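# Coordinate analysis (summary)
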Amino acid sequence: MQERQQNRKSKKRSFVISNSSVIIALARICYLELLGKLFSEVFVPETVWREVAVRGKPGSEKILRAGFIHVKKIHDVRFASLLKEFIDEGEAEATALALEVNADLLLVDDRDARKLAKRLGLQAMGTLGVMALAKYSGLITEVKPIVDELIEKGFWISKKILVKFLRELGEL
């Protein structure tokens, strides 16, 4: 009983909004549970839910069963529409929702979407950032084999960024 209470306390209690890319990437390689362990709850706008919960899409069954991913409605649809001029629909809605609810963190892989989010005052992190956080939190011991698997399953990252990332983690 006491151990379960400590586990609950150790989970980060932050308000996290996600775009589809991070969720799909982690689901494809069977590491979706890292999000639940790191953040306890992750919220997505309806558009993102439709992208990630498509039956038959790799990882969709895991996503549908994940009890920590919740759909949250966007109220300022005009602002989300404005953001769609610069980034794709899911990223725009996730960014708009993160601003609406004053989220602690936005999960998004697209570099332009992360730059825009940061300009808007949001903290943003992609799949690699989640991996680094999981390592620093003691949930995983090595990132490189997981990143290698991500790349094998179609996740794209430039060689230069990958080398820099792995060096920063002491894995190169």
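Residues numbered from 1 in each chain as written. Predicted model: local features only at pLDDT ≥ 70, side-chain atom pairs only at ≥ 80, totals over all residues. Heavy atoms only, no water.

## As for the overall build of the protein
What the protein contains, in helices and strands, is eleven helices and five strands. Computed over C-alpha atoms, the radius of gyration of the protein comes to 16 Å, within 12% of the 16 Å expected from 2.2 N^0.38 for 172 residues, which places it in the range of a compact globule. Projecting the C-alpha coordinates of the protein onto the three principal axes gives extents of approximately 45 × 45 × 35 Å. Looking at the protein as a whole, 47% of its 172 residues are labelled buried. In the protein, the share of contacts with a sequence separation of at least 24, taken over all contacts with a separation of at least 6, comes to 67%. Summed over its atoms, the accessible surface of the protein is roughly 9800 Å², and 49% of this surface lies on carbon and sulfur atoms. Positive and negative side-chain charges of the protein, numbering 29 and 23 respectively, have mean locations separated by a distance of 3 Å. (Helix = DSSP H or I, 4+ residues; strand = E, 2+ residues; numbered from the N terminus. Rg over C-alpha atoms; globule rule 2.2 N^0.38 Å. Buried < 20%, exposed > 50% of the residue type's maximum accessible area, 1.4 Å probe, protein only. Contact = heavy atoms within 4.5 Å. Areas by Shrake-Rupley, 256 points an atom, 1.4 Å probe, with all protein chains shown as cover. Lys, Arg positive; Asp, Glu negative; His and termini not counted. Charge placed at Lys NZ, Arg CZ, Asp CG, Glu CD.)

## Observations concerning helix H8 (residues 111–119)
Three or more residues of H8 are buried, namely Ala113, Leu116 and Ala117. Viewed end-on, H8 has its buried residues packed into an arc of 100°, placing them on one side of the element. Residues of H8 that are exposed and point more than 90 degrees away from the buried face comprise Arg111, Lys118 and Arg119. Those residues of H8 that are buried lie in contact with helix H6 (77–83), helix H7 (89–100), strand S4 (105–107) and strand S5 (124–125). (Arc of directions from axis to C-beta.)

## As for the pattern of salt bridges
Note that side chains of opposite charge can pair when their charged atoms are close. Counted by the stated rule, this structure contains five salt bridges. Lys84 is the partner of Glu93 in a salt bridge, and the nearest nitrogen-oxygen pair spans 3.8 Å. The salt bridge involving Lys144 is made with Asp148; its shortest N-O contact spans 2.9 Å. Of this pair, Lys144 and Asp148 both sit in helix H10 (residues 144–152), four residues apart, which is roughly one turn of the helix. For Lys144, a relative accessible area of 29% corresponds to the partly exposed category. (Salt bridge = Lys/Arg side-chain N within 4 Å of Asp/Glu carboxyl O.)

## With respect to helix H9 (residues 127–136)
Most of H9 sits inside the fold, with seven of its ten residues counted as buried. Taken as a whole, H9 has its buried residues at Thr127, Leu128, Val130, Met131, Ala132, Ala134 and Lys135. Where the residues of H9 are buried, they touch helix H2 (20–28), helix H3 (33–39), S4, S5, H10 and helix H11 (159–168). After H9 finishes, the residue Gly138 shows a positive phi value of roughly 85°.

## Remarks on the sheet that holds strand S2 (residues 42–44)
Reading across from one edge, S3-S2-S1-S4-S5 is the order of the five strands in this open sheet, with parallel pairing throughout. Two strands close off the open sheet at either side, each with one partner strand: strand S3 (69–71) and S5. The strands touched by H2 are strand S1 (16–18), S2, S3 and S4; relative to S1, the strand with the most contacts, the crossing angle is about 80°. (Pairing = 2+ DSSP bridges. Axes fitted to C-alpha atoms, helices over the stretch in contact; angles between N-to-C directions.)

## A short note on the packing of H2 against H9
Viewed as axis vectors pointing N to C, H2 and H9 meet at an angle of 60°, and their least axial separation amounts to 9 Å. Classified by the angle their axes make, H2 and H9 are oblique. Two secondary-structure elements touch here, H2 through Ser21, Val22, Ala25 and Leu26 and H9 through Thr127, Val130 and Met131. Across the contact of H2 with H9, the residue classes break down as five nonpolar, two polar and no charged. (Parallel < 35°, antiparallel > 145°, perpendicular 65-115°, else oblique. Nonpolar A, V, L, I, M, F, W, Y, C, P; charged D, E, K, R; others polar.)

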